[in-house]
Amino acid sequence: MQETELTGRERPLVPSEIISTQTDTRGVITYINKAFTQVTGFSREDAVGRPHNLIRHPDVPRGLYYLLWDAIKSGEQFFAVTKNRCKNGDHYWTLGMFQPNFAGDEITGFRSTRKGLRDEALKAEFDDLYRAVRRVELEKPRPRQVEAGHKALKKQLKKHGYRDYESFARRALAL
Ligand SMILES: Cc1cc2nc3c(=O)[nH]c(=O)nc-3n(C[C@H](O)[C@H](O)[C@H](O)COP(=O)(O)O)c2cc1C
């Protein structure tokens, strides 16, 4: 949803703002907590029933979300740093864990739990990585962006000496 233009202004998170969301198996939001509304400005009425790309920021590559979906659909957890948009066009940085919900062996949906990313140097590193990958994606038509982004992300990580995305993102956990 692009209700308003992006402002380029960051909405920093305080440590008590732990954002939690849940989706069905297709990524349609089924639950948001109070911190989600506090930070994003999207109410329950705005968000529940809408796809989670409601808060997608255009600087973040589709290749990253490919990795996320690949992991959680296989029943694995995924750790990621994301930049998202708020309803008023501001943005915010989080680091979070994405996991499947199970009923027995069956995946019934997904959930994410996140806190703010506060380290400025790390934010700049992720911003640079994501923008570099996104540039490659935008050279392609929409249907080919995911594959191009996935490849470009792997290439960029290798260039910086990382085996995979998770080993890059996990450094944020130490902060
Ligand atoms: C539990 C869960 C949380 C998600 N959180 C976000 C998020 O914070 N920001 C985001 O852009 N996409 C998030 N996604 C991924 C979106 O479903 C979507 O794949 C992504 O925004 C790419 O959008 P696109 O389909 O328009 O390319 C999440 C998915 C799940 C299952």
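Preceding this section is the structure that the text describes.
About the criteria used
Residues numbered from 1 in each chain as written. Predicted model: local features only at pLDDT ≥ 70, side-chain atom pairs only at ≥ 80, totals over all residues. Heavy atoms only, no water. Salt bridge = Lys/Arg side-chain N within 4 Å of Asp/Glu carboxyl O. Helix = DSSP H or I, 4+ residues; strand = E, 2+ residues; numbered from the N terminus. Buried < 20%, exposed > 50% of the residue type's maximum accessible area, 1.4 Å probe, protein only. 1 Å grid on protein atoms, 1.4 Å probe; cavity = no way out; pocket = protein on both sides within 12 Å on 5 of 7 lines; lining within 4 Å. Points joined across faces, edges and corners; volume = space filled by probe spheres on them. Nonpolar A, V, L, I, M, F, W, Y, C, P; charged D, E, K, R; others polar. Phe/Tyr/Trp six-rings, centres within 6.5 Å; stacked < 30°, edge-to-face > 60°. Lys NZ or Arg CZ within 6 Å of the ring centre and 35° of its normal. Axes fitted to C-alpha atoms, helices over the stretch in contact; angles between N-to-C directions. Left-handed = near helix turned anticlockwise from the far one by under 90°. Contact = heavy atoms within 4.5 Å. Core = buried A, V, L, I, M, F, W, Y, C linked by side-chain atoms within 4.5 Å.

1. Considering the pattern of salt bridges
Here's step 1: Taken as a whole and judged by the stated rule, the model has 15 salt bridges.
Here's step 2: Here D127 ties to R131 by a salt bridge, and the two come within 3.6 Å at their closest N and O atoms. Of this pair, D127 and R131 both sit in helix α4 (residues 120-138), separated by four residues, roughly a single helical turn.
Here's step 3: The partly exposed category is assigned to R131, whose relative accessible area is 36%.

2. What about the layout of surface pockets?
Unfilled space is identified by rolling a water-sized probe across the atoms.
Here's step 1: Roughly 590 Å³ of volume is contained in the largest pocket.
Here's step 2: What lines the largest pocket is a set of 24 residues, among which H52, N53, Y65, L68 and W69 lie closest to the centre.
Here's step 3: Elements that contribute at least two residues to the lining of the largest pocket include exactly β1 (19-23), α3 (62-73), β3 (78-85), β5 (106-116) and α5 (142-159).
Here's step 4: It is α3 that contributes the most residues to the lining of the largest pocket, six residues altogether.
Here's step 5: Its residues assigned to classes, the lining of the largest pocket comprises 10 nonpolar, eight polar and six charged.
Here's step 6: Of the volumes computed, that of the second largest pocket is approximately 180 Å³.
Here's step 7: L67, F78, H150, L153, K154, L157, K158, Y162, R163, D164, Y165 and E166 together form the lining of the second largest pocket.
Here's step 8: At the level of secondary structure, the elements contributing two or more residues to the lining of the second largest pocket comprise α5 and α6 (165-169).
Here's step 9: It is α5 that contributes the most residues to the lining of the second largest pocket, five residues altogether.
Here's step 10: Split by residue class, the lining of the second largest pocket holds six nonpolar, one polar and five charged.

3. Digging into the packing of aromatic side chains
Here's step 1: Overall, the coordinates contain five aromatic pairs when judged by the stated rule.
Here's step 2: Note on F78 and Y165: the rings are 5.7 Å apart at their centroids and 15° apart in plane angle, and the pair reads as stacked. Placement of the pair is F78 in strand β3 and Y165 in helix α6, with a sequence separation of 87 residues.
Here's step 3: Feature note: the residues F126, Y130, Y162 and F168 constitute an aromatic cluster, connected by ring pairs.
Here's step 4: Across the ring face of F168, the terminal group of R171 is positioned such that the distance to the ring centre comes to 4.8 Å.

4. Describing the packing of α4 against α5
Here's step 1: Between α4 and α5, the least distance of the axes is 8 Å, while the angle of their chain directions is 140°. For the element pair α4 and α5, the recorded crossing hand is right-handed. Contacts from L129, A132, V133, R134, V136, E137 and L138 in α4 reach Q145, A148, G149, A152, L153, Q156 and L157 in α5.

5. Side note on the nonpolar core
Here's step 1: Counting residues in hydrophobic clusters, the biggest one holds 28 residues, and the most contacted among them are F78, V81, F126, Y130 and Y165.
Here's step 2: For this core, the secondary structure elements donating two or more residues are α3, β3, β4 (91-103), α4, α5 and α6.
Here's step 3: Residue contributions to this core peak at six residues, all from α3.
Here's step 4: The contact partners of V81, leaving out residues within four places of it in the chain, are L64, W93, T94, L95, L117, F126, Y130, Y165 and A172.
Here's step 5: Formed by 13 residues, the second largest nonpolar core is a distinct cluster that contains I29, A35, V39 and C86.

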